[in-house]
Amino acid sequence: MTKATVRGRAGTGAGTSARQRSVAAAARAASKRAEKAHESALDEEEAATQSAVVDEASGSGTGADTEARERAKGAVRDEAGAEKSAKPLSGAVTAVLAALVVAGLVAAAMLGWEYREDQRTQEARTEALAVARKAAPEILSYDYRHLDRDFAKARAHLTGSFAGKYRKTTTRVVAPTAKKYQGVVTATVAKPPAGGASAASLVSASPEKVVVLLFMNQVTNSTQVSGPRLDLNRVRMTLVDTSGGWKVSALDAL
């Protein structure tokens, strides 16, 4: 009985040691699992922290981008507003400049036209005055011995209705009287006593029409007078520019 009891106790001690070793192993395993759980918790916390940081940084960047976009939009709006406000001013400036250019062109054209007109008028004065000095003596002179020749020479200087009136007057009045009294009339443009150009002056002038005042000396010989008779006359002659040159369109005794 004693041996059995000893063996029982020995078995009991061996069982106890085995259980203690099992408890220790379980404790160590539990400790390792706890450490792993703690490390996992730390990793998760760190990951969460990093994620929060990333989210914060991302949120901050988005805010900065939004602000930058808002500033860009504001700048575009300001630029558009400036362009809109500048367009009326630009249009006004363009209109003013265009008006100035047109006015300048018109003024230049007018000055050019006036210059050409002045040149033409000056030429008309010179040419018409020369024609008047030559035409007046031939128109106002005649000789009963060759009336047709004298009248034809005079008509070469005439134009328009005045040519018809001259023909009618010379045919109906002058020719019969000159033949009847053997009339000879010699007309010349008066000259100053000291000499110089004949007494003719311009009354008015334009490129197409010139009016001249002439001082004429007419010496008449006929059977009605005992000797030559001198008449001092003033005549106003109107000349017009025609395709055949300057011609007399009117002649009036003053």
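Above this text is the structure in question.
Everything numeric here is computed off the predicted structure, so don't read it as measured data.

Looking now at the environment of Ser 201. Of note, Ser 201 is situated in strand 3 (residues 200-205). According to the relative accessible area criterion, Ser 201 is partly exposed, its value standing at 31%. Linking Ser 201 and Phe 215, residues 14 residues apart in sequence, is a C-alpha distance of 9.1 Å. Leave out the neighbours within four places in its chain, and Ser 201 touches Val 211, Val 212 and Leu 213.

It is worth spelling out the packing of aromatic side chains at this point. Summed over all chains, the structure comprises 2 aromatic pairs. The interplanar angle of 55° and the centroid separation of 6.4 Å between the aromatic rings of Tyr 142 and Phe 151 together place this pair among those described as tilted. Taking relative accessible area as the criterion, Tyr 142 reaches 22% and is therefore assigned partly exposed. With a centroid separation of 6.2 Å and an interplanar angle of 85°, the aromatic rings of Phe 151 and Tyr 166 are classed as edge-to-face. Remark: Tyr 166 occurs in helix 3 (residues 160-181) and Phe 151 occurs in helix 2 (residues 147-155); sequence separation between them is 15 residues. The buried category is assigned to Phe 151, whose relative accessible area is 5%. Classification of Tyr 166 by relative accessible area gives buried; the value is 9%.

Moving on to the pairing of strand 6 (residues 245-253). Taken together, the 8 bridges between strand 5 (residues 229-242) and strand 6 define a ladder with antiparallel strand orientation. By the bridge assignment for strand 6, Val 235 is matched with Ala 253. Counting the residues in the hairpin turn of strand 5 and strand 6 gives 2 residues.

Time to look at the pairing of strand 2 (residues 184-189). Of the strand pairs in this sheet, strand 1 (residues 142-143) and strand 2 are connected by 2 bridges, and their pairing is antiparallel. Across the sheet, residue Tyr 142 finds its bridge partner in strand 2, namely Val 185. Bridging between strand 2 and strand 4 (residues 209-221) involves 6 bridges; their strand directions are antiparallel. Within the sheet, the bridge partner assigned to Val 184 lies in strand 4 and is Asn 221.

Conventions and cut-offs
- Residues numbered from 1 in each chain as written.
- Predicted model: local features only at pLDDT ≥ 70, side-chain atom pairs only at ≥ 80, totals over all residues.
- Heavy atoms only, no water.
- Helix = DSSP H or I, 4+ residues; strand = E, 2+ residues; numbered from the N terminus.
- Buried < 20%, exposed > 50% of the residue type's maximum accessible area, 1.4 Å probe, protein only.
- Contact = heavy atoms within 4.5 Å.
- Phe/Tyr/Trp six-rings, centres within 6.5 Å; stacked < 30°, edge-to-face > 60°.
- Pairing = 2+ DSSP bridges.

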